[in-house]
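Remarks on the overall topology
Now for the letters of each chain:
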Amino acid sequence: MARTGGPTAGPVRMRMDESVTRQRIRPGTVRRIIPFVLQRRWAVAALLAVTAVDATIAASSPLLLKMLIDDGIGHHRVGTVVALSSAMAGLAIVNAVAGYLQAWFSGRVGHGLVCDLRTKVFDHLQRQPMAFFTRAQTGSLISRLNGDVIGTQQAVTTLLSQSLSILLTLVLVLASLFYLSWQLTLLSLLLIPLFLVPGRFVGSRLQRIAREGMQVDAEIGSLMSERFNVGGALLSKLYGRPEEESRAFASRASRMRDLAVLGGVYGRLLGIVASLIVALATAIVYGIGGTLVVHGTLQVGTLVAVFALLSRLFGPVQQLNSIQIDVVTTLVSFDRVFEVLDLEPLVVERPGARALPAAAAGEPAPDIEFTDVHFRYPSATEVSLRSLESIQSHVPERADGTTVLHGLSFHAPAGKMTALVGPSGAGKTTITQLIPRLYDPVAGTVRIGGHDVRDLTLRSLHETIGVVTQDAHLFHDSLRANMAFARPEATEEEMIEACRAARIWDTIAALPNGLDTVVGDRGHRMSGGEKQRIALARLLLKSPPVVVLDEATAHLDSESEAAIQRALEATLVGRTSLVIAHRLSTVRNADQILVIDAGRVRERGTHDELLAADGLYAELYRTQFATQHPGDPGIDPTVRASKVG
Ligand SMILES: Nc1ncnc2c1ncn2[C@@H]1O[C@H](COP(=O)(O)OP(=O)(O)OP(=O)(O)O)[C@@H](O)[C@H]1O
């Protein structure tokens, strides 16, 4: 079996990768956000329009107040007072409607963006090669898809409308102020830069805190998803180090706490300093404005309006600070999302790829041919992102991973069974993974039906090839859903038929919920043998012309294995199959046996031919297969423990 890169070591490895937390936002991030915003240009325009209405009302109502005091009350004109107060009431209603519409449009734009980005990231991750999934931690991926994507929502809603509102308010309020008193306007303008100073100091620190916070969040997610899936939980229980596990978790949680405290304190500090500046600035304007009234340069109504305008001016200016901070943290979110979107999948469909012609009824299944295939597993830098692995390695990864296959050539004839045998780690699983293009060879060609697999569409390839791995995976869903994954349009009768052929129907029919039984995380509620037979039923339902089997018989008792063996024999007839064989019964039945050793084909032939040749196969036969009786496919447990193929 190929290694899957899930980390299993203890808490020691839970260290933060500084190259990730110190990472700077890449240039061009802001430019890349624009198309996402433009996709909903109408909602954005509407949002900006209602924001403009809101800002205009905020800036103009103090002028009405001035007129009410100076022209209405000052000149004892009741009619003016009534007209102006009615106008104020009218504006308040318009303002309320604008506020409601603002919430509506900002929701449409923001959550629309989250939906787009999330779908895009999911789609992109799905197209990543197997190598990516053997490296990236599930928890990190989930956190990128959730937390970081949601972080971007703020950018276009709050920030977009807030920036416009602040800008408009500034312009309108300053214009009104200027109309009322140029002296006080000048003074306010001189004070505005003061408001921006604290934001500049805190901004870069908060950016680092934000990035580290997202990374720690991803690590907590990874730790939970690894420890709380059935396999991880089992391992943790069996190796029983709950205290250490809890300590590892606590260290992450406390780092999260520290970051949150630090972020909160910085934010609060910023607020306190900004409020202080507002209070000081207002006091200065009050002092100077009051003096002007005392000297008769300014009317009282004007001063009241100026005070009202100042609160509308300094408030938004104060917000500029928090906007600066929101911008930097939001940019980190975007940057982390774009980082994933920029990861080019290693295995991609060639432009103009053709579909593998489906074999018509009665036509032979396509053959498989490997020609001088060299292969090494890709290194981390080729397929993954450090921030998705969240493991800091002591040793730099070798750029050129060890070559696993060395110029391998063979032909698996159409409609025949080819068995792969050989010592553990020889490269058998690797060979089978090159056919459905889970990986691509470094050199050489893999052909199916005479076509280089790289010239074919991935869809047609996956429709042609059915794979059953030794560790048959089932989703945490009903048996029906698990079966339908292979062929969504399959009818209940077809499912039952497939289950019967895989000798699992009686077991399923005896379950209280039958096909609707939920199998549990990774199918752990089913026994190993049952899971394998369900996987076989799923394969039979798909009924592909080419079958790749990592012999799915290891968990079966003699009786069910004999049953499965018969089912398989019948199923494999007419199909081209490549079987990683662990059983004498399988190798004896194979049309061709390939003995794989250290990434090369050492011997090939039928069982009898290879025994007569008295080479590696004969040796394997003596050490592994000889204890299995030809008529009894069950395996001697001691032999299983020293499994060679
Ligand atoms: N995802 C991976 N990344 C890096 N190296 C890998 C990966 N999967 C397998 N290898 C290495 O490739 C070599 C061949 O592994 P492979 O799983 O193909 O052997 P195998 O013959 O199927 O072994 P077994 O019978 O034990 O399953 C081994 O040295 C293994 O360590």
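Rules used throughout
Residues numbered from 1 in each chain as written. Predicted model: local features only at pLDDT ≥ 70, side-chain atom pairs only at ≥ 80, totals over all residues. Helix = DSSP H or I, 4+ residues; strand = E, 2+ residues; numbered from the N terminus. Buried ≥ 20, exposed ≤ 12 C-beta atoms within 10 Å, placed from the backbone. Pairing = 2+ DSSP bridges. Core = buried A, V, L, I, M, F, W, Y, C linked by C-beta atoms within 7 Å. Domains from an automatic or database assignment. Contact = placed C-beta atoms within 7 Å. Axes fitted to C-alpha atoms, helices over the stretch in contact; angles between N-to-C directions. Parallel < 35°, antiparallel > 145°, perpendicular 65-115°, else oblique. Left-handed = near helix turned anticlockwise from the far one by under 90°. Nonpolar A, V, L, I, M, F, W, Y, C, P; charged D, E, K, R; others polar. pLDDT = per-residue confidence, 0-100. Arc of directions from axis to C-beta.

Take the overall build of the protein chain next. Within the protein chain one finds 23 helices and 10 strands. Each of the 645 residues in the protein chain was classed as buried or not, and the buried ones make up 36%.

Taken in spatial order, the 4 strands of this open sheet run β2-β1-β4-β5, and their pairing is antiparallel. Edge positions in the sheet fall to β2 (403-412) and β5 (451-452), since each of these pairs with one other strand and no more. For strand β4 (residues 443-448) and β5, the ladder comprises 2 bridges, and the chain directions are antiparallel. Paired with Arg447 across the strands is Asp452, a residue of β5.

Core analysis: the biggest nonpolar cluster contains 70 residues, and Ala419, Leu420, Val421, Ala537, Val579 and Ile593 have the highest contact counts within it. If one sorts the elements of this core by residue count, helix α18 (residues 528-542) sits on top with 7 residues. Taken domain by domain, this core gets at least three of its residues from each of domain 1 (32-341) and domain 2 (414-440 + 459-634). Counting residues in hydrophobic clusters, the runner-up holds 51 residues, among them Ala58, Leu180, Ala274 and Phe334.

Tracing the backbone shows Arg40 in the loop between α2 (29-38) and α3 (41-73). Using a count of 19 C-beta atoms within 10 Å as the deciding quantity, one classes Arg40 as partly exposed. Arg40 sits 69 residues away from Val109 along the chain, and the two C-alpha atoms are 6.6 Å apart. Excluding its chain neighbours within four sequence positions, the residues that come into contact with Arg40 are Arg108, Val109 and Gly112.

The residue Thr457 is located in the loop between β5 and α14 (458-464) in this model. Taking the C-alpha atoms as reference points, Thr457 and Glu349, separated by 108 residues in sequence, lie 6.1 Å from one another. Once you skip the residues sitting within four places of it in the chain, Thr457 turns out to touch Glu349, Ala353, Arg354 and Ala355.

Let us now look at the sheet that holds strand β6 (residues 465-468). With respect to topology, 6 strands assemble into an open sheet ordered β6-β7-β8-β3-β9-β10, the strand pairing being mixed. The sheet is open, and its two edges are formed by β6 and β10 (600-605), each paired on a single side. Taking each pair of neighbouring strands and ignoring which way they run, the sheet shows an average axis angle of 20°. Of the strand pairs in this sheet, β6 and strand β7 (residues 546-550) are connected by 4 bridges, and their pairing is parallel. Considered in β7, the bridge of Val468 is made with Leu549. In this fold α18 packs onto β6 and β7, with an angle of close to 175° to the strand it touches most, β6.

In terms of strand pairing, strand β1 (residues 368-376) meets β2 through 6 bridges, oriented antiparallel. Within the sheet, the bridge partner assigned to Phe370 lies in β2 and is Phe410. Strand direction decides the pairing type here: β1 and β4, joined by 5 bridges, are antiparallel. Pairing of Thr371 across the sheet is with Thr445, part of β4.

Turning our eyes to something else, we now look at the packing of helix α16 (residues 492-501) against α18. At a minimum axis separation of 8 Å, α16 and α18 run at an interaxial angle of 125°. The angle between the axes of α16 and α18 places the two elements in the oblique class. Where α16 crosses over α18, the two elements pack in a sense that is right-handed. Residues Glu494, Met495, Ala498, Cys499 and Ala501 of α16 touch α18, and the partners they reach there are Ala537, Leu540 and Leu541. Partitioned by chemical class, the residues of the contact of α16 with α18 number 7 nonpolar, no polar and 1 charged.

Right, let's talk about the environment of Ala498 for a bit. Looking at where Ala498 falls in the secondary structure, it is placed in helix α16. Ala498 sits in the buried class, given 26 other C-beta atoms within 10 Å. Along the primary structure Ala498 and Met483 are separated by 15 residues, whereas in three dimensions their C-alpha atoms are 9.4 Å apart. Aside from chain neighbours lying at most four places away, what touches Ala498 is Ala537, Leu540 and Leu541.

For the rest of this paragraph, the subject is the packing of α3 against helix α4 (residues 78-126). Packed helices, taken two at a time, are described by the angle between their axes plus the distance between the axes. Where α3 contacts α4, the two axes come as close as 8 Å, and the packing angle between them is 160°. As far as their axial angle goes, α4 and α3 are roughly antiparallel. Once α3 is placed against α4, the crossing between them reads as left-handed.

Here the protein chain averages 79 in pLDDT, and 84% of its residues register 70 or above. When the elements of the protein chain are averaged for pLDDT, helix α23 (residues 637-641) gives the smallest value, 32, and β4 the largest, 94. Within the model, the stretch residues 1-15 combines pLDDT values under 50 with 26 contacts to residues more than four positions away or in other chains. Among the prediction metrics, the complex's ipTM stands at 0.96, with pTM recorded as 0.69.

Most of strand β8 (residues 576-580) is tucked away, with 5 of its 5 residues classed as buried. Burial along β8 is two-sided: the face carrying Thr576, Leu578 and Ile580 and the face carrying Ser577 and Val579 are both buried. Direction of pairing for β7 relative to β8: parallel, over a ladder of 5 bridges. Residue pairing in the sheet places Val548 in a bridge with Leu578 of β8.

For α16, every residue scored as buried is listed here: Met495, Ala498, Cys499 and Ala501. Axial view of α16: buried residues confined to an arc of 160°, hence all on one face. Every exposed residue of α16 that faces more than 90 degrees away from the buried side is listed here: Glu492 and Glu493.

What follows deals with unusual backbone geometry. Its identity as a non-glycine residue notwithstanding, Asp372 has a phi of 45°, on the positive side. Within the secondary structure, Asp372 sits in strand β1. Take Asp372: there are 13 C-beta atoms within 10 Å of it, and that puts it in the partly exposed class. A positive phi angle, near 55°, is found at Arg503, a position not held by glycine. With respect to the helices and strands, Arg503 occurs in the loop between α16 and α17 (505-510).

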